[in-house]
Amino acid sequence: MSAPARSDPLPRMLIALTAVTGIVDAVAFLGLGQVFTAFMTGNILFLGFAVAGGVGLTPLGSLTALAGFAAGAVAGSRLGAVTAARLRRWLLTSAAIASALLVAAALAAIGLDSVRGDLAPRHYAVIALTALAMGVRSATMWRLGAGLNTTLVTGTLVTLVRHSELGGASCWGGGGATRHGTPDTSQPYRAAALVAVFAGAAVGTLLLLRAGLTVALLVAAAGVLGGIGGCVAHPASGRAHNA
């Protein structure tokens, strides 16, 4: 897989959506009973902890998030299969669906406090809607970002180190080059993806603590729409990108 070209708007869109992921999971973990609605690994771990007798966890919340995310990923994948030949239409439709779901989650969260004990029915509704949105978004990211993984932070970190001089890049095919011998210009994007998750988590936490669930989710919706919309508006986005 060749590295992304400097003029390609898609890597920058993926970085922006990665920051949104940090915002959403900060809101979910801190405000919705320690669940993740974007990165699913945490939910699997929490379910294992809960089954083994871990205290203070909400397995039903994690199951709700997993089910919602899976449903959103299915919908996003089917949407991509139907409309991917028309890149702009596909991206705009995906952005509209994910943003609408996040707005619906924000509306459901009006007047809802961050959970400190048992989840209320509306908490589950917010979890489900947010996870659905993140499933749609993630299916789009996976299809577009086959050569630049920003959805699995652990894999991104390993790849970043592996292709660095500290990681012995020369042992893997020479100084940060791809398998075809061309310079690997994806390294800055991989580093940016890690920074984006960190920054998004910090911003999401500040929004939650100072403005509440609804505002934080509306900002995430705007981030999805703005990130994908900015890519669509870029002149270089007219060519197809297939996973």
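Quick caveat, the model's predicted, so the values are computed rather than measured.

The rules behind each value
- Residues numbered from 1 in each chain as written.
- Predicted model: local features only at pLDDT ≥ 70, side-chain atom pairs only at ≥ 80, totals over all residues.
- Heavy atoms only, no water.
- Core = buried A, V, L, I, M, F, W, Y, C linked by side-chain atoms within 4.5 Å.
- Buried < 20%, exposed > 50% of the residue type's maximum accessible area, 1.4 Å probe, protein only.
- Helix = DSSP H or I, 4+ residues; strand = E, 2+ residues; numbered from the N terminus.
- Contact = heavy atoms within 4.5 Å.
- Expected span 1.5 Å × (residues − 1).

Asker: Outline the nonpolar core, supporting the account with residue identities and numerical values.
Answerer: With 51 residues, the main nonpolar core has M13, L102, V126, L217 and I228 as its most contacted residues. Counting only elements with at least two residues in this core, the list comes to α1 (10-31), α3 (59-83), α4 (87-108), α5 (121-144), α7 (187-211) and α8 (213-233). Among the elements that line this core, the one with the most residues is α4, at ten residues. Beyond its immediate chain neighbours, meaning those up to four positions away, L217 contacts V27, L102, A105, A106, A109, V126 and T130.

Asker: Please provide a residue-by-residue account of α8, values included.
Answerer: Here α8 contains 21 residues, and its C-alpha end-to-end distance of 30 Å stays within 8% of the 30 Å for a straight helix at 1.5 Å per residue. Taken together, the buried positions of α8 are L213, T214, A216, L217, A220, A221, V224, G227, I228, C231 and V232. Considering only its buried residues, α8 is in contact with α1, α4, α5 and α7.

Asker: Run through unusual backbone geometry, naming residues and quoting values.
Answerer: Located in the positive-phi region is Q34, a residue other than glycine, with phi close to 60°. One can find Q34 in the loop between α1 and α2 (41-51). The exposure class assigned to Q34 is partly exposed, which follows from its relative accessible area of 32%.

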